[in-house]
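As a plain string of letters, each chain reads:
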Amino acid sequence: MILHELITYDVLRVIWWLLLGVLLVGFAVTDGFDLGAMGLLRATARTDVERRTAINSVGPVWEGNQVWLILGGGAIFAAWPQLYAVSFSGFYLAMFAVLVPLILRPVAFKFRSKRESAAWRNGWDWVLCITGLVPALLFGVAVGNVMLGVPFRLGSDMRIYYDGTFFGLLTPFALLCGLVSLSMLLMHGAAWLVFKTEGEVSARAARYGTLFAVLTTVLFAAAGVWLASINGYVITSEINPVGPSNPMNKTAAAVAGAWMANFKSYPALWLVPGIGLLMPLIAALGLRSRREWLGLMASGLAIAGIILSVGAAMFPMILPSTVDPRFSLTVWDSSSSHVVLFIMLVCVLIFLPLILAYTSWVYSVLRGKVDIAAIATGRGHSY
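**Q** When you look at the overall build of the chain in this model, what are you seeing that I'm missing?
**A** Across its full length, the chain holds 14 helices and six strands. Computed over its C-alpha atoms, the radius of gyration of the chain comes to 22 Å, within 12% of the 21 Å expected for a compact globule of 383 residues. Sorting the 383 residues of the chain into buried and exposed places 49% on the buried side. Counting contacts in the chain only where the partners sit at least 6 residues apart, residues at least 24 apart contribute 81% of the total. Accessible surface, the chain: about 17,300 Å² in total, of which carbon and sulfur atoms supply 71%.

Printed below as a string of structure tokens:
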């Protein structure tokens, strides 16, 4: 037996679809509190010492959290090459709008305290705030567009053509999804600040976190109701789970309410959006009662529930086409080869536990609250 045949092609495709979800959740939960905490920087921290305290709560870990973004991009490139091609070429301007803040953010972290000037520091504080808010919003807008469908088509030679524009991505439903993303990451960032800081910064973060937690539930519920009425996409021909990766070997159609079909067929899946609706409220209770672990864990579970709800609704679709549903990318026809998926899975089984172990060790070493007194007196490293 050839080694890669130990796992069938269809099972490998589902495993990599699940791993993509895990990587997206990992990025949103870890780097999400960085973005959210900095998005709230000017609201939760009023003085220079308070802002340095908030920045130091994420300063030692934000770079490590970027690993999940790199892993997610690498997984899309290697496991779902057609998805990578459509996303990174068609969404070029949108990707640029996300990358610019992600590039400016490390500059702000490094440069903010290079000068004592209040104007200098205030300017970099605004950069940190904006570079936290913009990606948080645009990530949600991207998810909204995925669910609405993307205007791309495939040529006879499998070449990809994108017929959309940047401003065409800013539809009402996509913007609502952007607000869901923004609200949930601000909730998560506030929960992190409560967990890592003390005094007025923590108190203000608890108030803002409670507000955004409730808002997350409201916006997510509104998006769910809206989703039930818009067109979803279904495969209308016979499915070959082990067939070649050629989207044009199938037929598909846009059907109103189709994104609810999986939940109707498998009622247990309602637990996933249920977590997305309930956990923000539990996070709000944890923040109001200053139960720091409860607030942080509940906000993380809320993010997982919201993101995984998208996958549960869309399976087996990955990226629908509004030009012709036949071109839509699915789990069964847009992956890499059987051998490539197997080799990559072996690599994941080796390296992902190492990444998790190292990350856990780092957070263990850095446990505890930021010492605001040390920052105020200039003792130790401070951003």
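**Q** Explain the environment of Ala-119 to me, please; I cannot follow it from the model alone.
**A** Its location among the elements puts Ala-119 in helix H7 (residues 118-148). Note on Ala-119: relative accessible area 60%, which makes it exposed. Note: C-alpha distance between Ala-119 and Thr-216 (97 residues apart in sequence) is 34 Å.

**Q** Is there a simple way to explain the pattern of salt bridges in this structure?
**A** Overall, the coordinates contain 13 salt bridges when judged by the stated rule. We note a salt bridge from Lys-250 to Asp-333, for which the minimum N-O separation is 3.0 Å. Of the two residues, Lys-250 is situated in the loop between strand E3 (231-235) and strand E4 (252-256) and Asp-333 in the loop between strand E6 (329-330) and helix H13 (338-365); the sequence distance between them amounts to 83 residues. Relative accessible area serves as the criterion here: at 6%, Lys-250 is assigned to the buried category. Looking at Asp-333, the relative accessible area reads 6%, which means it is buried.

**Q** Can you walk me through a nonpolar patch on the surface in this structure?
**A** Taken together, the side chains of Val-214, Leu-215, Val-218, Leu-278 and Leu-281 make up a nonpolar region of the molecular surface, amounting to roughly 390 Å² of accessible area. In terms of residue count, the dominant contributor to the nonpolar patch is helix H9 (residues 199-227) (three residues). Looking at the element boundaries, Val-214 is found in helix H9. Since its relative accessible area comes to 38%, Val-214 is described here as partly exposed.

Thresholds applied
- Residues numbered from 1 in each chain as written.
- Predicted model: local features only at pLDDT ≥ 70, side-chain atom pairs only at ≥ 80, totals over all residues.
- Heavy atoms only, no water.
- Helix = DSSP H or I, 4+ residues; strand = E, 2+ residues; numbered from the N terminus.
- Rg over C-alpha atoms; globule rule 2.2 N^0.38 Å.
- Buried < 20%, exposed > 50% of the residue type's maximum accessible area, 1.4 Å probe, protein only.
- Contact = heavy atoms within 4.5 Å.
- Areas by Shrake-Rupley, 256 points an atom, 1.4 Å probe, with all protein chains shown as cover.
- Salt bridge = Lys/Arg side-chain N within 4 Å of Asp/Glu carboxyl O.
- Patch = residues over 30% accessible without salt bridge, like charges linked within 9 Å, V, L, I, M, F, W, Y side chains within 5 Å.

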